[in-house]
Amino acid sequence: MLAWAFPSMYCDYHTHTPLCLHASGTPQEYVQAAVRAGLREYGISDHAPMPGEPFDDWRMKQADMPAYLDWLTEARECAAPHGLTVRSALECDWFPGIEPWIEHLQGLHAWDYLIGSVHYLGEKEEFDNPHRMDFWHRTDVEDAWEQYWERFRNMAASGMFHIMGHADLIKKFGFRPSGDLRRYYEPSLEAMRETGACLELNTAGWHNKCGEQYPDGQFLKMAAEAGIPLTISSDAHRPEDVGRDFKRAGKLARQAGFRHLASFQGGRMKLFPLPGI
């Protein structure tokens, strides 16, 4: 990994579009928000289609991919006069046996990066959907955490993704097992270290029930000590969320021990100084 010599401005690599059916805004509105936030790069990473449609009601459909590429093109056209770089990506869900589908998605476009995320447990249990809270009413918390982190570790070990999305999303509604949580974190961090995957510090957690960024401070510190690269992202579903809480996140990253952030172009990662260093 090499460091570029450019001004230390943030990149927001985790944002969505209305094509996922639960976001709002136009390409121009997102670009304007990114410019106001002082971003160097704005990455568009909507929820990727899944096989077996209809899969759920909060992602792009396979037939929407041409419209998504058009959305990317329009965003770049809006961004060009501002000197803002727009990156193309997908947020892909990880399931056991999903590898052939991820390879299919990889071949649809020359993506700058792919984000891997875990939103489901078991066959198709949505643990982070506020409309599916019945999951938590009938689930053992420790068992859910075991399942989640096994999937997260396997996702990291696959080497198929550039960025690991919102690690510890399983805590979204505040459900955590007792005891030292490092027993869940360590195997996933080891897998990330071995494959060179980048960790995402996702600020959306501050605005959810858990009231804490993803991942927690302990995970962040362990990742910094392991030499795992970092990005900071908003998980924006509205233009006004782009770059949200980045100064706060940057301070937290510095306190955890990070000194650089990662950027991506054409699947290649480079590092730049973390603002404030």
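The preceding data block contains the structure.
Residues numbered from 1 in each chain as written. Predicted model: local features only at pLDDT ≥ 70, side-chain atom pairs only at ≥ 80, totals over all residues. Heavy atoms only, no water.

S.K.: Got a minute to help me understand the layout of surface pockets in this structure?
M.R.: Unfilled space is identified by rolling a water-sized probe across the atoms. Taken as a whole, the largest pocket encloses approximately 660 Å³ of empty space. Taken together, 27 residues form the lining of the largest pocket, with His22, Asp128, Pro130, Lys172 and His237 sitting closest to its centre. When its residues are assigned to classes, the lining of the largest pocket shows 7 nonpolar, 11 polar and 9 charged. (1 Å grid on protein atoms, 1.4 Å probe; cavity = no way out; pocket = protein on both sides within 12 Å on 5 of 7 lines; lining within 4 Å. Points joined across faces, edges and corners; volume = space filled by probe spheres on them. Nonpolar A, V, L, I, M, F, W, Y, C, P; charged D, E, K, R; others polar.)

S.K.: Whenever I open this one, the sheet that holds strand E4 (residues 113-117) confuses me. Can you help?
M.R.: Whether parallel or antiparallel, the strands of a sheet pair through hydrogen bonds between backbone atoms. With respect to topology, 7 strands assemble into an open sheet ordered E1-E2-E3-E4-E7-E8-E9, the strand pairing being parallel. Of all the strands in the sheet, just strand E1 (11-12) and strand E9 (230-233) have a single pairing partner and so form its edges. Across 2 bridges, the pairing between E4 and strand E7 (residues 163-164) is parallel. By the bridge assignment for E7, Ile115 is matched with Ile163. Taken strand by strand, helix H2 (residues 65-79) contacts strand E2 (41-47) and strand E3 (85-93), and its axis lies near 150 degrees from that of E3. (Pairing = 2+ DSSP bridges. Helix = DSSP H or I, 4+ residues; strand = E, 2+ residues; numbered from the N terminus. Contact = heavy atoms within 4.5 Å. Axes fitted to C-alpha atoms, helices over the stretch in contact; angles between N-to-C directions.)

S.K.: When you look at the pairing of E3 in this model, what are you seeing that I'm missing?
M.R.: Consecutive residues of a regular strand have side chains that alternate between opposite faces of the sheet. Of all 9 residues making up E3, 8 are buried, and the element is well covered by its neighbours. With H2 bridging E2 and the parallel E3, this β-α-β connection has right-handed handedness. Where E3 and E4 come together, 5 bridges link them in parallel fashion. When the bridges of E4 are listed, Glu91 appears paired with Ile115. (Buried < 20%, exposed > 50% of the residue type's maximum accessible area, 1.4 Å probe, protein only. Right-handed = clockwise from strand over helix to strand, strands pointing away.)

S.K.: Just checking my understanding: could you explain the pattern of salt bridges for this structure?
M.R.: Note on pairing: side chains with opposite charge can pair once their charged atoms come close. For the coordinates displayed, the defined rule picks out 16 salt bridges. Taking the shortest distance from any N to any O, the salt bridge between Arg132 and Glu126 comes out at 3.6 Å. Assessed through its relative accessible area of 36%, Arg132 is described here as partly exposed. Between Arg138 and Asp134 there is a salt bridge, and its shortest N-O distance comes to 3.4 Å. Bridged by salt links that share partners, the residues Asp168, Lys171, Arg176 and Glu212 form one connected network. (Salt bridge = Lys/Arg side-chain N within 4 Å of Asp/Glu carboxyl O.)

S.K.: Looking at this structure, I do not really get the packing of aromatic side chains. What am I missing?
M.R.: By convention here, two paired aromatic rings are described through the distance between centres and the angle between planes. The final tally for this structure, using the stated rule, is 23 aromatic pairs. Considering the side-chain rings of Phe95 and Tyr120, the 5.4 Å spacing of their centres and the 40 degrees angle between planes classify their relative orientation as tilted. Taken as a pair, Phe95 in the loop between E3 and helix H3 (99-106) and Tyr120 in strand E5 (residues 120-121) lie far apart in primary sequence, 25 residues in all. Tyr120 carries the same exposure label as Phe95, and that label is buried. Their ring planes at 85 degrees and their centres at 5.5 Å tell us that Phe127 and Tyr148 sit as a pair that is edge-to-face. Remark: Tyr148 occurs in helix H5 (residues 141-158) and Phe127 occurs in the loop between strand E6 (125-126) and helix H4 (134-137); sequence separation between them is 21 residues. Neither residue differs from the other here; Phe127 and Tyr148 are each classed as buried. (Phe/Tyr/Trp six-rings, centres within 6.5 Å; stacked < 30°, edge-to-face > 60°.)

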